[in-house]
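What the coordinates show
One-letter residues, chain by chain:
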Amino acid sequence: RLRAHGRGESGSLKIGVCSSFSAGNLYATLLDYRRQMKDVDIHTIEGVKDRLLGELSAGAIDVAIATGCCSSWSDRLLSLWSERVIVALPEQHPLSDHPVIRWHELSDDRILLTQRGVDPELEKVLVAKFNCPGRPRILYQDVGFDRLLSLTATGYGDLLVLESAAGLSCAGVIYRELHDENGPARLHFAAYWRESNDNPTLKPFLKLLRDRYPDLSVVPE
């Protein structure tokens, strides 16, 4: 049992996430990790990036999958995937027949956001795209994603989401790409962890991430 624990084959791994498990290769990584480390208990914590990095610094979690990069983080970081920012609209929306929507076309709309997960980062993107009068009105909600989609379907407001969420269908809701003059906006994700973390279950998880997203900042031995 001690040898298995030392190899990271038993124990627990705490992962903080602010993205969907279907994003990037996170689902495939978790699936492979489960197959290889059947005796490791996975504990997941959802939160905004600042909270996750705070818990990471305090040793409450082992690794955080969050948007990157973070200028205040001085420990280990591995760049992962990026996702397009898209918008969920009610089917009866005047722009529903547009294959691509420009940000400025939403200036008179209401945008539904929460203060959970990746939504604070989406709000930053929204504010940056409308750094002038005429910004859409933000309506903060404190409900889950399925209820947000229902609100959108009934016309209460548009919903900013990442492309990995577009696989979740809801009657009365359509998804459209958001573009500016440079094309679609994207959010980049990274894995954060502490070099001093001695939890043996962390190393095989990071190896699986590196297999899919090579760490170009490390010179191979």
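Summary of the structure given here. (Residues numbered from 1 in each chain as written. Predicted model: local features only at pLDDT ≥ 70, side-chain atom pairs only at ≥ 80, totals over all residues. Heavy atoms only, no water.)

Further remarks concern the overall build of the protein chain. Each helix and strand in the protein chain was counted, giving six helices and eleven strands. Taken over the C-alpha atoms alone, the protein chain extends approximately 60 × 35 × 30 Å along its principal axes. Counting over 221 residues, the protein chain shows a buried share of 46%. Put simply, 78% of the contacts in the protein chain that link residues at least 6 apart link residues at least 24 apart. (Helix = DSSP H or I, 4+ residues; strand = E, 2+ residues; numbered from the N terminus. Buried < 20%, exposed > 50% of the residue type's maximum accessible area, 1.4 Å probe, protein only. Contact = heavy atoms within 4.5 Å.)

For the rest of this paragraph, the subject is the packing of aromatic side chains. Under the counting rule described, the total for this entry stands at five aromatic pairs. When the centroid spacing of 6.0 Å and the interplanar angle of 85 degrees are considered together, the rings of Trp-73 and Tyr-192 count as edge-to-face. Residue Trp-73 is located in the loop between strand E3 (63–67) and strand E4 (76–90), and its partner Tyr-192 is located in strand E11 (residues 186–193); the two are separated by 119 residues in the primary sequence. Like Trp-73, the residue Tyr-192 is buried in the burial classification. Here Trp-103 and Phe-130 contribute two aromatic rings whose centre-to-centre distance is 6.4 Å and whose plane-to-plane angle is 70 degrees, an arrangement assigned as edge-to-face. Here Trp-103 is found in the loop between strand E5 (100–102) and strand E6 (110–113), whereas its partner Phe-130 is found in the loop between helix H4 (119–129) and strand E7 (137–140), with 27 residues between them in sequence. An aromatic cluster is built from Trp-81, Phe-189 and Tyr-213, whose rings are joined through pairwise contacts. (Phe/Tyr/Trp six-rings, centres within 6.5 Å; stacked < 30°, edge-to-face > 60°.)

Turning our attention to the pattern of salt bridges. Throughout the structure, instances matching the rule amount to twelve salt bridges. One salt bridge connects Glu-177 with Arg-84, and the closest N-O pair in it is separated by 2.3 Å. Remark: Arg-84 occurs in strand E4 and Glu-177 occurs in strand E9 (residues 173–180); sequence separation between them is 93 residues. Judged by relative accessible area, Arg-84 falls into the partly exposed class, the value being 24%. (Salt bridge = Lys/Arg side-chain N within 4 Å of Asp/Glu carboxyl O.)

Attention now goes to helix H3 (residues 49–57). Considered for burial, the residues of H3 that qualify are Lys-49, Leu-52, Leu-53 and Leu-56. What you see down the axis of H3 is that its buried residues fit within an arc of 95 degrees, all on one side. Of the surrounding secondary structure, the elements contacted by the buried residues of H3 are strand E1 (10–17), strand E2 (39–46), E3, H4 and E11. Within two residues after H3, Gly-59 carries a phi angle of roughly 80 degrees, on the positive side. (Arc of directions from axis to C-beta.)

What follows deals with the environment of Val-17. Within the fold, Val-17 resides in strand E1. For Val-17, a relative accessible area of 4% gives the class buried. Sequence separation between Val-17 and Gly-117 is 100 residues, and the spatial gap between their C-alpha atoms is 7.5 Å. Once residues lying within four places of it in the same chain are set aside, the contact partners of Val-17 are Leu-26, Ile-45, Glu-46, Gly-47, Leu-52 and Ile-65.

Let's shift gears to the layout of surface pockets. Taken as a whole, the largest pocket holds about 560 Å³ of empty space. Forming the walls of the largest pocket are 27 residues, and the residues nearest its centre are Ser-19, Ser-20, Glu-46, Val-118 and Phe-145. The element that contributes the greatest number of residues to the lining of the largest pocket is strand E8 (residues 158–162), accounting for four residues. For the lining of the largest pocket, the per-class residue count stands at 15 nonpolar, nine polar and three charged. The space that makes up the second largest pocket amounts to roughly 280 Å³. Residue lining of the second largest pocket: 13 residues in total, with Trp-193, Leu-202, Lys-203, Leu-206 and Arg-210 positioned closest to the centre. In terms of residue count, helix H6 (residues 202–212) provides more of the lining of the second largest pocket than any other element does, six residues in total. Across the lining of the second largest pocket, the residue classes break down as three nonpolar, two polar and eight charged. (1 Å grid on protein atoms, 1.4 Å probe; cavity = no way out; pocket = protein on both sides within 12 Å on 5 of 7 lines; lining within 4 Å. Points joined across faces, edges and corners; volume = space filled by probe spheres on them. Nonpolar A, V, L, I, M, F, W, Y, C, P; charged D, E, K, R; others polar.)

Just geometry here; none of it tells us what the structure is for.
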